[in-house]
Amino acid sequence: MQRSVRLNSFELVARDINDVDVDLLHALSISVRWPHRPKDWELLRRVGRGIVAVDGIGRVFGSAMWFPQGDDFATIGLVITTPRAQAQGGGRWLMDQVLEQCGARNLALNATHVAYPLYVSLGFTSEAIVNMRQEVAPQTLPPLPPLDGELSELPSDRLSEISALDARAFGSDRSRVLALLSANASISVLSRGGEVVGYSMRREFGRGFVIGPVVARNDHDAVHLTAVHLKKLAGLFTRVDTRERDGVFAEFLQQSGLSIAETVTTMSKGRRFLNREDNGPWVYGMAGHALS
């Protein structure tokens, strides 16, 4: 694989993302109006692997990361190129590097409208639309459906209690990712008949907070697992990424003031990523665009 590429009048070299100052990565995300703070970049560098494209004097022109989730699956994210590099094929070059590193793994990503044609050309297929819902959380929530079960907080040292449920909903074992996310997160679980049937996380991200993952068996459970966090975020900027466009859960988010700010497309390469079981757990709220 070509470790450097000449784009008209300048040459870019691939460097490990951990060898680049985080402030340069932050500046890159700011340049495309992505909300990632330096501490968000630091977390993602601990979770995954990646490369950056730099020129001869160390300026960063692009990034791409991948996140192992189990032995045979990974998600791809933080694929960013400056307009100059993008116009000259820098995005494809970065993706070629990442795909080589991922090897034979099955893959999933969430494509922006601009990047969608590139991913199609690389063999990714569309599966669903992701709705990025965000706004300042309301002081008062809309009426909630009856609660079937018991909500409680889960300490981060008891993640094993939700790992099997999450793997079934997500389709792969992402225990390591959840462990890193939970270090600075609040976790709520929903139990019914002594069994954990759903969970949700709340953590700082970007302009405020993100609620996700949210894993539940039905819309009503997902509403309660989200509402328990929204109540504590009243007046604070909040984001929920969900593939639910219609139904009780989507309506609850809309009534809570979290309108759709942007959409991206979930795509996969290899095995199909999204496989919903009848009456089984489902990812209602994503951990993030890079982590799904």
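Below is a summary of the structure that appears in this document. None of these values were measured; they are calculated from a predicted model.

Turning our attention to the nonpolar core. Taken as a class, soluble globular proteins show a tendency for nonpolar side chains to be buried jointly. Residues Trp 41, Phe 67, Leu 78, Tyr 199, Met 201 and Leu 291 are the most contacted members of the largest nonpolar core, which totals 60 residues. The element contributing the most residues to this core is helix H8 (residues 219–230), with five residues. With near-sequence residues (within four places) excluded, Phe 67 lies in contact with Leu 44, Val 47, Gly 48, Phe 73, Ala 74, Thr 75, Gly 77, Leu 78, Ala 290 and Leu 291. Of all hydrophobic cores here, the second largest spans 24 residues; its members include Leu 12, Ile 51, Leu 94 and Leu 118.

Here the structure, examined in full by the defined rule, presents five aromatic pairs. Each ring, one from Phe 249 and one from Tyr 284, has its centre 5.4 Å from the other, and the planes form 70°; the classification is edge-to-face. Here the residue Phe 249 occupies a position in helix H9 (residues 248–255), and Tyr 284 occupies one in strand E14 (residues 282–285), the gap between them amounting to 35 residues. Through a chain of ring-to-ring contacts, three or more aromatic side chains come together here, namely Phe 73, Phe 170 and Phe 273. Residue placement shows Arg 174 over the ring face of Phe 170; its charged tip is 4.0 Å from the ring centre. Lys 269 extends its terminal NZ or CZ atom over the ring of Phe 124, reaching a point 5.9 Å from the ring centre.

Take unusual backbone geometry next. Residue Pro 213 is bonded to the preceding Gly 212 through a cis peptide linkage, with omega at 0°. Inspection of the secondary structure assignment puts Pro 213 in strand E11 (residues 208–216). Phi is positive for Asn 279, close to 65°, though the residue is something other than glycine. Note on placement: Asn 279 falls in the loop between strand E13 (259–269) and E14. Although it is not a glycine, Ser 292 sits at a positive phi angle of roughly 60°. Inspection of the secondary structure puts Ser 292 in the segment after E14.

Definitions and limits used
Residues numbered from 1 in each chain as written. Predicted model: local features only at pLDDT ≥ 70, side-chain atom pairs only at ≥ 80, totals over all residues. Heavy atoms only, no water. Core = buried A, V, L, I, M, F, W, Y, C linked by side-chain atoms within 4.5 Å. Buried < 20%, exposed > 50% of the residue type's maximum accessible area, 1.4 Å probe, protein only. Helix = DSSP H or I, 4+ residues; strand = E, 2+ residues; numbered from the N terminus. Contact = heavy atoms within 4.5 Å. Phe/Tyr/Trp six-rings, centres within 6.5 Å; stacked < 30°, edge-to-face > 60°. Lys NZ or Arg CZ within 6 Å of the ring centre and 35° of its normal.

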